[in-house]
Amino acid sequence: MFWILCLSCVVVYGCVLPFNNIASGILLERNYFTDPPSSCHLQYEDMCSMGDLAPKDRNKAIDSNGETCVLTKSMRPVLPSSLSIYASSVNSTISADWMNDSYVFDHLTENDLDCGDAFWRKSCTADFCIAQKLATEKSGRVMSIPYLFSAFLSPLFGHVVDKIGRRAILAVVSCVLLVSVHLSLAWMHSSPVIPLVGQGLAYVGYAAVIWPSVPLTVRKESVGTAFGAMTAIQNVGLALFPLVIACVYKGSSDRYIPNVEYFFVICALVGVVIGILLNVLDKKREGILNKIDV
């Protein structure tokens, strides 16, 4: 059963820890920095939206009928469709902090912007950079939820598992919860708070049962080796999963939703299957993982 535990550890932590690493990007795309309506564009499409180089009469976003676009706080500002600006043609006091000598884009996209560059931050798309900063701060606060649950509830969950056992069963329950969490993030556009609470609970619950199960599946004199082997195998998975996620992200036109979330769903579903197998094997071994008096 030890190797089944290792496999479970790889796939379950694979949809928890890598998710935590990219959660900010997912939340920005899904909730806090969403795309504006496709019909919206700047009044002067080839000019800056806000900053030193923006039109003096304000380059507002309008729709196909020429009416002002109504953008919610969660939407990113509309960007110019193209730019052709050279530092040499601008007052040197404005261009002094620019990182490049020219900014020429036939089809400007969000990925072309770098708000660390004063050109974007101060001179051309100040509204975008300000909104991005505020949205990133908000997503950072929300994505701390799973870690807070882990910090405060891990001792309690561990105590509960000591009292009730049911380790293999709880491993399956945690994976089922992860499936629902990532499906909701992929399909729904409501607040991410509830899914992240679920992520935190699943993370705490799984950790409380998987590691205490290791000494129950190996000989007493091999416990240290077993923990080392499981940690090594887990880290191999954690090294490979970000590479897979990056490929999925690139193959989805630099979008997280929904395909990256589907990857996490698949990992969680594999965790469910492995958990069921673990319960079957545990039953054949007199329920060593699920019983209390071990």
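All values reported here derive from a predicted model rather than from experimental measurement. (Residues numbered from 1 in each chain as written. Predicted model: local features only at pLDDT ≥ 70, side-chain atom pairs only at ≥ 80, totals over all residues. Heavy atoms only, no water.)

> Even after reading the chapter, I still don't get the side chain of Arg30, so can you show me in this structure?
Checked against the element boundaries, Arg30 lands in helix 2 (residues 17-32). When near neighbours in sequence (up to four residues on either side) are disregarded, Arg30 contacts Ser184, Leu185, Met188, His189, Ser190, Ser191, Pro192 and Ile257. (Helix = DSSP H or I, 4+ residues; strand = E, 2+ residues; numbered from the N terminus. Contact = heavy atoms within 4.5 Å.)

> Looking at this model, I keep getting lost on the state of the cysteines. Mind explaining?
Here, disulfide denotes a covalent bond that connects the sulfur atoms of two cysteines. Evaluated as defined, the whole model comprises three disulfides. The partner cysteine of Cys48 in its disulfide is Cys124, sulfur to sulfur 2.1 Å. On the sign convention where negative is left-handed, the bridge of Cys48 and Cys124, at about -95° about the S-S bond, is left-handed. In this pair, Cys48 is assigned in the loop between strand 1 (41-42) and strand 2 (61-62) and Cys124 in helix 4 (residues 118-124), connecting sequence segments 76 residues apart. Grouping residues by exposure puts Cys48 and Cys124 together as buried. The side chain of Cys115 participates in a disulfide bridge whose partner is Cys129; the two sulfur atoms lie 2.1 Å from each other. Measuring the twist about the S-S bond at about -90°, one finds the Cys115-Cys129 disulfide to be left-handed. Here Cys129 lies in helix 5 (residues 126-142) and Cys115 lies in the loop between strand 4 (102-105) and helix 4, a separation of 14 residues in the sequence. Each member of the pair Cys115 and Cys129 is classed as buried. Among the cysteines of the protein that take part in disulfides, numbered as they appear in the sequence, the pairing is 1-3, 2-5, 4-6. Just so you know, Cys175 is unpaired, no disulfide at all, and the nearest cysteine sulfur is the one on Cys15, 7.0 Å from it. (Disulfide = S-S within 2.5 Å. Buried < 20%, exposed > 50% of the residue type's maximum accessible area, 1.4 Å probe, protein only.)

> Explain a nonpolar patch on the surface here, please?
On the surface, Leu156, Val160 and Ile164 cluster together into a nonpolar patch covering about 230 Å² of accessible area. Structurally, Leu156 can be placed in helix 6 (residues 145-164). Leu156 sits in the partly exposed class, given a relative accessible area of 48%. (Patch = residues over 30% accessible without salt bridge, like charges linked within 9 Å, V, L, I, M, F, W, Y side chains within 5 Å. Areas by Shrake-Rupley, 256 points an atom, 1.4 Å probe, with all protein chains shown as cover. Salt bridge = Lys/Arg side-chain N within 4 Å of Asp/Glu carboxyl O.)

> Can you walk me through the packing of helix 2 against helix 5 in this structure?
The geometry of a pair of packed helices is captured by two quantities: the angle between their axes and the separation between those axes. Packing of helix 2 against helix 5 brings their axes to within 9 Å, and their N-to-C directions diverge by 115°. As summarised for this structure, helix 2 and helix 5 are arranged roughly perpendicular, according to the angle between their axes. The handedness of the crossing between helix 2 and helix 5 is right-handed. Where helix 2 approaches helix 5, its residues Ser24, Leu27, Leu28 and Tyr32 are matched on the opposing element by Ala135, Thr136, Lys138, Ser139 and Val142. By residue class, the composition of the contact of helix 2 with helix 5 is five nonpolar, three polar and one charged. (Axes fitted to C-alpha atoms, helices over the stretch in contact; angles between N-to-C directions. Parallel < 35°, antiparallel > 145°, perpendicular 65-115°, else oblique. Left-handed = near helix turned anticlockwise from the far one by under 90°. Nonpolar A, V, L, I, M, F, W, Y, C, P; charged D, E, K, R; others polar.)

> Would you take a moment to explain the environment of Leu134 for this structure?
Looking at where Leu134 falls in the secondary structure, it is placed in helix 5. With 75 residues separating them along the chain, Leu134 and Val209 place their C-alpha atoms 38 Å apart.

> Looking at this structure, how should I read the nonpolar core?
Counting 77 residues, the largest nonpolar core has Leu83, Trp98, Phe119, Trp120 and Phe264 as its most contacted members. If sequence neighbours within four positions are ignored, Trp120 has contacts with Leu83, Tyr103, Phe105, Leu108, Asp112, Leu113, Asp114, Thr125, Ala126 and Cys129. Cys40, Leu42, Ala61 and Val78 belong to the second largest nonpolar core, which has five residues in total. (Core = buried A, V, L, I, M, F, W, Y, C linked by side-chain atoms within 4.5 Å.)

> Can you help me understand the side chain of Asn20 in this one?
Residue position: Asn20 is located in helix 2. Excluding residues that lie within four positions of it along the chain, Asn20 makes contacts with Met143, Tyr147 and Gln199.

> How do you make sense of the pairing of strand 3 (residues 83-86) when you look at a structure like this?
Within a regular strand, side chains alternate between the sheet's two faces. The side-chain alternation of strand 3 yields one buried face, formed by Leu83 and Ile85, and one unburied face, formed by Ser84 and Tyr86. Pairing analysis gives four bridges linking strand 3 to strand 4, with the strands arranged antiparallel. Of the residues in strand 4, the one forming a bridge with Ile85 is Tyr103. (Pairing = 2+ DSSP bridges.)

> I tried to follow the confidence of the model for the protein on my own but got confused; where do I start?
Any region with low pLDDT has predicted coordinates that should not be read closely. Residues of the protein with pLDDT of at least 70 account for 99%, and the chain-wide mean is 94. Within the protein, strand 4 carries the highest mean pLDDT (97), whereas helix 6 carries the lowest (92). (pLDDT = per-residue confidence, 0-100.)

> Sorry, what's going on with helix 2 here?
Because each turn of an α-helix spans 3.6 residues, side chains separated by three or four positions end up pointing in the same direction. When the terminal C-alpha atoms of helix 2 are compared, their 22 Å separation across 16 residues agrees well with the 22 Å that a helix rising 1.5 Å per residue should span. At Ala23, helix 2 shows its strongest bend, of approximately 55°. Burial of helix 2 is extensive: 13 of the 16 residues sit out of reach of the surface. (Expected span 1.5 Å × (residues − 1). Bend = angle between axes of the 7 residues up to and from the residue.)

> Help me understand the packing of aromatic side chains in this model?
Aromatic ring pairs are reported here in terms of the distance separating the ring centres and the angle at which the planes meet. According to the stated counting rule, one finds 16 aromatic pairs in the structure shown. Between Tyr13 and Trp211, the aromatic rings sit 6.4 Å apart at their centres with planes inclined by 45°, giving tilted as the arrangement. One end of the pair, Tyr13, is in helix 1 (residues 2-14); the other, Trp211, is in helix 8 (residues 193-213), and 198 residues separate them in sequence. With 5.7 Å between their ring centres and 50° between their planes, Phe105 and Trp120 make a pair best called tilted. Separated by 15 residues along the polypeptide, Phe105 in strand 4 and Trp120 in helix 4 bring together distant segments of the chain. Members of the aromatic cluster, each reached through a chain of ring pairs, are Tyr13, Tyr203, Tyr206, Trp211 and Phe227. (Phe/Tyr/Trp six-rings, centres within 6.5 Å; stacked < 30°, edge-to-face > 60°.)

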